[in-house]
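# Geometric and topological summary
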Amino acid sequence: MITVSEWRERLESEKCYDLVSELFDRIERSKLNAYITLCKDFALSQAEKYDRGELKGKLSGIPVAVKDCISTKGIRTTCGSKMLENYIPPFDAHVVERLKQEGAIILGKTNMDEFAMGTTTETSYFGVVRNPYDLDRVAGGSSGGSGACLGGKEAVLALGSDTGGSIRCPSSFCGVVGIKPTYGLVSRYGLIPYANSLEQIGPMACCVEDVALLLEVIAGKDERDSTNAGVEFKFDPSKADRKFRVGIVKEMGGNEDVNGRFEEVVEVVKGLGFEVGEVSMPSFKYALAAYYIIATGEASSNLARYDGVRYGFALDKLDTWTKYFSKVRALGFGEEVKRRIMLGTYALSAGYYGKYYLKALRVRTLVRRDFESALKDYDVLIAPTMPSLPFKIGELADPLTMYKMDVNTVPINLAGIPALSLPVGFVKGLPVGLQIMGGHFKENDVLCFALRLEKEFSEVF
Ligand code: GLN
């Protein structure tokens, strides 16, 4: 894997143009299928600019991959769907504007589950993403392309989006670091929505320091997103030396492989002299169900915009409005997306609204309260990110089994708090991630704790 400091070191003796060309050679030969669209000409012209000393900023000359649900002006943005196969946005997302302002080199758009719905990137219209550690296994989802391109040395930094775990899952499966920021810290302007009240764009990278750097760039005020908190983020690594109070979330676990490694990690944390205790989250058992009701409800309403008229997939032969609308959607959306539109429409329908949606909102409040009370006694909470090692491609054929894999990640989105996945070693040759959670806008605590732990696991990675 390539860190920002390693890349910068190489830039001292080599031309950015040559390094970026080398990266594209690697990407073009790769079997991972991490990218949907490459921006080779644009990236190489930016690299030349860097070589001429014309590219300035915090990320100058650093190659970044962008998840394909984030709008990029003039660059195809598909959201992993046939519906948007030829869609070229006329504007940049807020985070992309920030990348450009800071001199980053955008390599291309990464593969993802269709409309970010999935845990394995198998629902992408553009084919599955393979795990850099085992090509027969998935890279996780939905930001599978962003995880795989980092794990496979095909980018230095990447952006993902996380509605219910989509940054943390591929980070865990590909052995990289990724953080879902507090809801409202990063503007969602230009993010193609799946479930607006849950999702955030966030940084993924090969080490904690790099994730923090990218978060500094993308976080902050943007009036075009009404849920934006207007708060900037500045990383202060000096806080990493403090004594952390660490809570283990009792209900969040995994299978034998994952739990075995997690217990070893807990021993390491105790060995650092931190105060370690257990916390219980009574609402945990309802969180997954509540998430799938809220997420699909919001999705069913969001996805109504794909009507084959305004943009996206269209048919040549017109018909009555209802027939045309249904046909476009029948052909343009994949199976998982249609399933979720149906689930969401059902949960929001007049007779069932109170029974499902309203109840789910109540659970959401309980989940937030559980986290708030646990975080009164502890600075950070820890648990395995995913309950399992990366799956074999095709292993999760049944949708319900796939949904269950999000059990440890979705409560964080319901509560709106930040959570990071840190690689903490391998089991059977496959990476395992530790989920580190903190209070609202306490990204610095989460990152500092991760930085402290990263040192302990640095020999492994
Ligand atoms: N796997 C979860 C889902 O399918 C989360 C997806 C995401 O975070 N975008 O809804």
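Described below are features of the structure shown in this document. (Residues numbered from 1 in each chain as written. Predicted model: local features only at pLDDT ≥ 70, side-chain atom pairs only at ≥ 80, totals over all residues. Heavy atoms only, no water.)

### Quick word on empty space enclosed by the protein
- The full count for this structure, using the stated rule, is 4 cavities of 30 Å³ or more.
- Around the largest cavity sit 15 residues that line it, and Gly118, Gly164, Ser166, Tyr291 and Asp406 are the ones nearest its centre.
- Tallied by class, residues from the lining of the largest cavity come to 6 nonpolar, 7 polar and 2 charged.
- Estimates place the volume of the second largest cavity at around 50 Å³.
- Residue lining of the second largest cavity: Cys69, Cys79, Met112, Phe115, Ala116, Ser161, Thr163, Leu191, Ile192, Tyr194 and Glu199, and that is the complete set.
- Taken together, the residues of the lining of the second largest cavity sort by class into 8 nonpolar, 2 polar and 1 charged. (1 Å grid on protein atoms, 1.4 Å probe; cavity = no way out; pocket = protein on both sides within 12 Å on 5 of 7 lines; lining within 4 Å. Points joined across faces, edges and corners; volume = space filled by probe spheres on them. Nonpolar A, V, L, I, M, F, W, Y, C, P; charged D, E, K, R; others polar.)

### With respect to the pattern of salt bridges
- This structure, assessed with the given rule, holds 27 salt bridges.
- The partner of aspartate 379 in a salt bridge is arginine 242, with the nearest N and O atoms 3.0 Å apart. With aspartate 379 in the loop between helix H12 (353-377) and strand S11 (380-384) and arginine 242 in the loop between helix H7 (208-218) and strand S9 (245-249), the pair connects residues that are 137 residues apart, well separated along the chain.
- For arginine 339, the salt bridge goes to glutamate 335, with nearest N and O atoms at 3.2 Å. Pair noted here: arginine 339 and glutamate 335 are both in helix H11 (residues 335-348), with a separation of 4 residues, about one helical turn.
- By relative accessible area, which is 24% here, arginine 339 ends up partly exposed.
- Residue classification places glutamate 335 among the exposed residues on the basis of a relative accessible area of 62%. (Salt bridge = Lys/Arg side-chain N within 4 Å of Asp/Glu carboxyl O. Helix = DSSP H or I, 4+ residues; strand = E, 2+ residues; numbered from the N terminus. Buried < 20%, exposed > 50% of the residue type's maximum accessible area, 1.4 Å probe, protein only.)

### Topic: the site of the ligand
- Near the ligand lie 15 residues; those nearest to it are Thr163, Gly164, Ser166, Tyr194 and Tyr291.
- A distance of 3.0 Å is found between an oxygen atom of the ligand and a backbone nitrogen or oxygen belonging to glycine 118.
- At 2.6 Å from an oxygen atom of the ligand is found a main-chain nitrogen or oxygen belonging to glycine 164.
- For the ligand, whose unbound accessible area comes to 290 Å², protein coverage reaches 99%.
- Applying the majority rule of atoms within 2 Å of the grid points places the ligand in the largest cavity. (Near = heavy atom within 4 Å. Polar contact = N/O pair within 3.5 Å; in protein donor to acceptor, adjacent residues only side chain to side chain. Areas by Shrake-Rupley, 256 points an atom, 1.4 Å probe, with all protein chains shown as cover. Sits in = over half its atoms within 2 Å of the grid points.)

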